[in-house]
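Architecture at a glance
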Amino acid sequence: MNIDFNKTDGLVPVIIQDWQTLEVLMLGYMNQEAFDKTVDENIVTFFSRSKNRLWTKGETSGNFLHVKNIHLDCDNDTLLIKVDPIGPTCHTGSRSCFKTDYNQNFIFQLENIVADRYTNPKEGSYVNKLQAKGLNKIAQKVGEEGVETVIAALAETETDLINEASDLVFHLIVLLREKGLNLERIALNLEERHK
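This text gives an overview of the structure that appears in the document. (Residues numbered from 1 in each chain as written. Predicted model: local features only at pLDDT ≥ 70, side-chain atom pairs only at ≥ 80, totals over all residues. Heavy atoms only, no water.)

1. Some points on the nonpolar core
Going by this rule: Only buried residues count toward a nonpolar core. Its members are Ala, Val, Leu, Ile, Met, Phe, Trp, Tyr and Cys residues joined through side-chain atoms within 4.5 Å. Partly exposed residues are those whose accessible area sits between 20% and 50% of the maximum for their type, while under 20% is buried and over 50% is exposed, using a 1.4 Å probe and protein chains only. Only DSSP runs of H or I reaching four residues or more are called helices, and only runs of E reaching two or more are called strands; each is numbered from the N terminus. Between two residues, a contact is recorded if the distance between any of their heavy atoms is within 4.5 Å.
By size, the foremost hydrophobic cluster in this structure holds 18 residues, and its most contacted members are Ile-16, Met-30, Val-44, Phe-46, Leu-79 and Ile-81. Going through the elements one at a time, strand S1 (12-18), strand S2 (24-30), helix H1 (32-41), strand S5 (65-72) and strand S6 (79-85) are the ones with two or more residues in this core. Here Val-44 is in contact with Ile-16, Met-30, Thr-38, Thr-56, Lys-57, Leu-65, Val-67, Ile-81 and Val-83, once residues within four sequence places are set aside. Counting residues in each nonpolar core, the second largest holds 13 residues, with Leu-110, Val-127, Leu-130 and Leu-175 among its members.

2. A short note on the pattern of salt bridges
For the record, the criterion: Any Lys or Arg side-chain nitrogen located within 4 Å of an Asp or Glu carboxyl oxygen qualifies as a salt bridge.
Using the criterion set out here, one finds eight salt bridges in the structure. With a closest N to O distance of 3.4 Å, Asp-77 and Lys-7 form a salt bridge. Of this pair, Asp-77 sits in the loop between S5 and S6 while Lys-7 sits in the segment before S1; the two residues are 70 residues apart in sequence, bridging distant segments of the chain. Among the residues examined, Lys-7 registers a relative accessible area of 46% and is labelled partly exposed. Lys-141 is paired through a salt bridge with Glu-145; the nearest N and O atoms lie 3.5 Å apart. Taken together, the residues Lys-141 and Glu-145, both in helix H4 (residues 135-155) and four residues apart, mark about one turn of the helix. For Glu-145, a relative accessible area of 5% corresponds to the buried category. Overlapping salt bridges, with partners in common, bring together Asp-18, Glu-23 and Arg-95 in one network.

Now the structure itself:
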């Protein structure tokens, strides 16, 4: 990457974004050394202007930002780094440093919760109860929720439709996980079909 560190006195702004939800998590700054360390370790390291030193996000909290990919803007003086965040990003304990009203991409977070239940079963978890019943039961639930969504759309209230559609999406996420697939694969397929 041909990053222009000279344009802004050796530092470039870095936007940190969740690679799945696309939520903007924070803004930091990098110099060449911080960028090189980030690339070498695949964990985001900034140049702290207040500490006047390199600072790896998570070095004390353990809330590291694992790099998924790095993009340079058209002027070569700003970076966008998509990350897999471990824990909250903000020092306040919030997921993001920006106070957004809601996470419009909670569906990806839900997918991570379902995947975590598969990896780390939890007593009393509905996901694990479905998983134990197997593929046929999970597929049956998707079918049932699909029919209930259609009925709600045709004959019930908006609230009923929202609730049934939510059940359908949840069970579809579980079915995809059971089959070893994820929403990213579906999104890529939809994008390809759109071309």
